[in-house]
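Residue strings, one per chain:
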Amino acid sequence: MMPTATITLPRTADEIGPRRPGAIYQNISGRFEVLALVTDPGEAAQLLRRGGARWAVIVRDTLRPDGQPFAIGSAWTDSDYLLREGAPAYAPAA
């Protein structure tokens, strides 16, 4: 019997990490404020101009005085670190 390989795909929540609207995180590329989280695959694909996109994060680099919002689709890694938490993923019902 031939052994089978198991491929584990990362979950979307794991890829996004703690990047919720209002969060600020930093990595080697800059310090970013999360303005919006797009989880609709069609909208994310259009924003990132990449057919296989499942999500996108719209950020602004706070280290640049002229920092304009832009969309990213890079996964959260060990080189990213959270400086300020954003809004909770789900708001409690009133």
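Below you will find a few notes about this structure. Everything numeric here is computed off the predicted structure, so don't read it as measured data. (Residues numbered from 1 in each chain as written. Predicted model: local features only at pLDDT ≥ 70, side-chain atom pairs only at ≥ 80, totals over all residues. Heavy atoms only, no water.)

## Thoughts on the nonpolar core
Using the following cut-off: Buried Ala, Val, Leu, Ile, Met, Phe, Trp, Tyr and Cys residues form a nonpolar core when they are joined through side-chain atoms within 4.5 Å. Only protein chains enter the accessibility calculation, which uses a 1.4 Å probe; a residue is then buried when its area is under 20% of its type maximum, exposed when over 50%, and partly exposed in between. Helix numbers and strand numbers start at the N terminus; a helix is a DSSP run of H or I with at least 4 residues, a strand a run of E with at least 2. Note on definitions: a residue-residue contact is assigned when non-hydrogen atoms from the two residues lie within 4.5 Å.
Ranked by size, the top nonpolar core spans nine residues in total: Ile 16, Ala 23, Tyr 25, Phe 32, Val 34, Trp 55, Val 57, Val 59 and Ile 72. When residues of this core are traced back to their parent elements, those giving at least two are β2 (30-38) and β3 (56-61). Ignoring sequence-local partners within four residues, the contact set of Ile 16 consists of Leu 37, Thr 39, Trp 55 and Trp 76. The next biggest cluster of nonpolar side chains, apart from the first, holds six residues, and it includes Val 38, Ala 44, Ala 53 and Ala 56.

## Side note on the sheet that holds strand β5 (residues 81-84)
Condition: Pairs of strands are assigned from DSSP output, requiring at least two bridges between the strands. Think of each axis as a best-fit line through the C-alpha atoms, taken over the contacting stretch in the case of a helix, with angles from 0 to 180 degrees between the N-to-C directions.
If you trace the five strands from one edge of the open sheet to the other, you get β4-β3-β2-β1-β5, paired in antiparallel fashion. Lying at the two open borders of the sheet, with one neighbouring strand each, are β4 (70-72) and β5. When strand polarity is set aside, the average angle formed by the axes of neighbouring strands in this sheet is 45°.

## Section: the pairing of β3
The sheet contact formed by β2 and β3 spans six bridges and is antiparallel. Residue pairing for β3: Val 38 is matched across the bridge by Ala 56. Pairing geometry for β3 and β4, over three bridges, is antiparallel. Counterpart to Ile 58 in the pairing with β4 is Ala 71.

## Structural notes on unusual backbone geometry
A positive phi is found at Arg 49, a non-glycine position, where the angle reads about 55°. Mapped onto the elements, Arg 49 comes out in the loop between α2 (41-48) and β3.

## Concerning the packing of aromatic side chains
Stated precisely, the cut-off is as follows: Side-chain rings of Phe, Tyr and Trp, where Trp is taken by its six-membered ring, are said to pair if the distance between their centres is within 6.5 Å; with planes under 30 degrees apart they count as stacked, over 60 as edge-to-face, and otherwise as tilted. Note on geometry: a ring has a charge over it if NZ (lysine) or CZ (arginine) is within 6 Å of the ring centre and within 35 degrees of the ring normal.
This model, assessed by the stated rule, comprises three aromatic pairs. Each ring, one from Tyr 25 and one from Phe 32, has its centre 5.5 Å from the other, and the planes form 40°; the classification is tilted. Take Tyr 25: its relative accessible area is 1%, and that puts it in the buried class. Among the aromatic residues, ring-to-ring pairing joins Tyr 25, Phe 32, Phe 70 and Trp 76 into one connected group. The cationic tip of Arg 19 hangs over the ring face of Tyr 25; the distance from NZ or CZ to the ring centre is 5.5 Å.

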